[in-house]
Amino acid sequence: MKSKQKRAWMTPSEVSLFCQQVELLLQSGIPLYEGMRSLADNYQSTPYREALTELAQKVDETGSLYEGMRESPLFPAYVREMVRLGERLGELENVCHGLATYYEREDNIRKAIRNAVTYPLVLIAMMACVIAVLMTRVLPIFRQVLGEMGEVTWESGSLASLGMGLGYGVLAVLGVLILCLLGLLVWYRARREQAEAFVYRVFPPLRRLRAMLTAARFANIMEMMLRSGFPLVESMELLDSVFPDAESRRKIETCRNALATGTPFPEAVEQAGIFDPLYSKMVRLGFAAGKTDAVMDKLSQVYETEMDDRIGHLVSLIEPTLVTVLSLIIGAILLAVMLPLASILTTIA
């Protein structure tokens, strides 16, 4: 039972709820270690009971939420690293609020994608099962009966063979697609970073989404750091752990190296390619006016809004695309069934 609970992990909606609860604790002025004990008591009837109890004990010992979360299997790495930054900057309450909003949005996106994909995939699976039964059980019996009656001609037999061959071909394609999807899922769970890199490389719209996510996170974190008075170079040293993918880390490293050589912040950001050219000009103007933190806050909001719109557009395309593919598959399947039936009816006539 213990190992099972340690393998438990929170869904995006549960992470969002947890962050909201921590934010309320901080707003109420209750000491964090007392609040975490009360929060752990609320999860006694859940699979997270043991892990959250251990987290509360660690917070009680160290006084740090990050130290409690660091080795916990419940939370994504992004949550842990953002909590670490929030504690160091004295912005933990704001960080928890942002994380709650972020994971609530992620949960809504997942639900939208699941709803758009589920119905067509279930229909495809049902049709495949029906056709498999027809091809393997029903039609061979018809052919056998008609063959015993001496009614099957060469032409009708060829037509039936063609239809059944097409049916088996469609079923084989469906089987290969299902195996590919299952293999990708297993790969994603085992080697998440490599699987994500492959998916981003294969699907260009997702590469753009990742670039927007990097820009939004960078702007959000830099706004907090600049507002808290952190030096730019030291701020850049804290960012690596927040960005899990290699492409984002490469951009951060390019920006950090440029700052280390004395390059002004707007030029360093532009060299790294973190923001679009238009937004890089906004950074220049904000830096010249001494309002870099305000510009970063604005860019974070702009990228998050644009990202939500783009994700909504992609989700809206999923169902029509699947329905189109489904229509082609159903057409091929119906053709595979009708050809043998047509040959049988022709023979009987």
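Residues numbered from 1 in each chain as written. Predicted model: local features only at pLDDT ≥ 70, side-chain atom pairs only at ≥ 80, totals over all residues. Heavy atoms only, no water.

Chemist: Can you break down the pattern of salt bridges residue by residue, with the values?
Modeler: Within the structure shown, the criterion is met by nine salt bridges. Here Asp107 and Lys111 are joined by a salt bridge, their closest N and O atoms 3.3 Å apart. Separated by four residues within a single helix, Asp107 and Lys111 lie in helix α7 (residues 92-148), roughly one turn from each other. Overall, the relative accessible area of 39% leaves Lys111 in the partly exposed class. Here Glu247 makes a salt bridge to Arg250, at a shortest N to O gap of 2.7 Å. One end of the pair, Glu247, and the other, Arg250, are both in helix α12 (residues 246-260), three residues apart, so they sit about a helical turn from each other. In this structure Glu247 comes out as partly exposed when scored by relative accessible area, which is 30%. (Salt bridge = Lys/Arg side-chain N within 4 Å of Asp/Glu carboxyl O. Helix = DSSP H or I, 4+ residues; strand = E, 2+ residues; numbered from the N terminus. Buried < 20%, exposed > 50% of the residue type's maximum accessible area, 1.4 Å probe, protein only.)

Chemist: Got a sec to walk through the nonpolar core? Specific residues and values, please.
Modeler: Core analysis: the biggest nonpolar cluster contains 70 residues, and Met36, Leu52, Leu65, Phe218 and Phe275 have the highest contact counts within it. With 10 residues, the top contributor of residues to this core is helix α10 (residues 204-227). Core analysis: the next-biggest nonpolar cluster, separate from the first, contains five residues, Ala128, Val170, Leu171 and Leu174 among them. (Core = buried A, V, L, I, M, F, W, Y, C linked by side-chain atoms within 4.5 Å.)

Chemist: Tell me about a nonpolar patch on the surface, and please be specific about residues and values.
Modeler: Judged by side-chain polarity, Leu184, Trp187, Phe198, Val202 and Phe203 come together as a nonpolar surface patch covering roughly 410 Å² of accessible area. Elements with a contribution of two residues or more to the nonpolar patch: α8 (154-190) and α9 (192-202). Residue classification places Phe203 among the partly exposed positions, given a relative accessible area of 45%. (Patch = residues over 30% accessible without salt bridge, like charges linked within 9 Å, V, L, I, M, F, W, Y side chains within 5 Å. Areas by Shrake-Rupley, 256 points an atom, 1.4 Å probe, with all protein chains shown as cover.)

Chemist: Can you lay out the packing of α12 against helix α13 (residues 265-272) for me, pointing to particular residues and giving the numbers?
Modeler: Packing of α12 against α13 brings their axes to within 8 Å, and their N-to-C directions diverge by 145°. The chirality of how α12 crosses α13 is right-handed. Between α12 and α13, the contacting residues are Lys251, Thr254, Cys255, Ala258 and Leu259 on the first element and Phe265, Ala268, Val269, Gln271 and Ala272 on the second. For the contact of α12 with α13, the per-class residue count stands at seven nonpolar, two polar and one charged. (Axes fitted to C-alpha atoms, helices over the stretch in contact; angles between N-to-C directions. Left-handed = near helix turned anticlockwise from the far one by under 90°. Contact = heavy atoms within 4.5 Å. Nonpolar A, V, L, I, M, F, W, Y, C, P; charged D, E, K, R; others polar.)

Chemist: Which residues make up the packing of helix α2 (residues 12-28) against helix α3 (residues 32-42), and what values do they have?
Modeler: The N-to-C vectors of α2 and α3 enclose an angle of 140°; their axes lie 10 Å apart at closest approach. Relative to α3, the element α2 lies oblique. As α2 runs across α3, the sense of the crossing is right-handed. From α2, Phe18, Gln21, Val22, Leu25 and Leu26 reach across to α3, where they touch Leu32, Gly35, Met36 and Leu39. (Parallel < 35°, antiparallel > 145°, perpendicular 65-115°, else oblique.)

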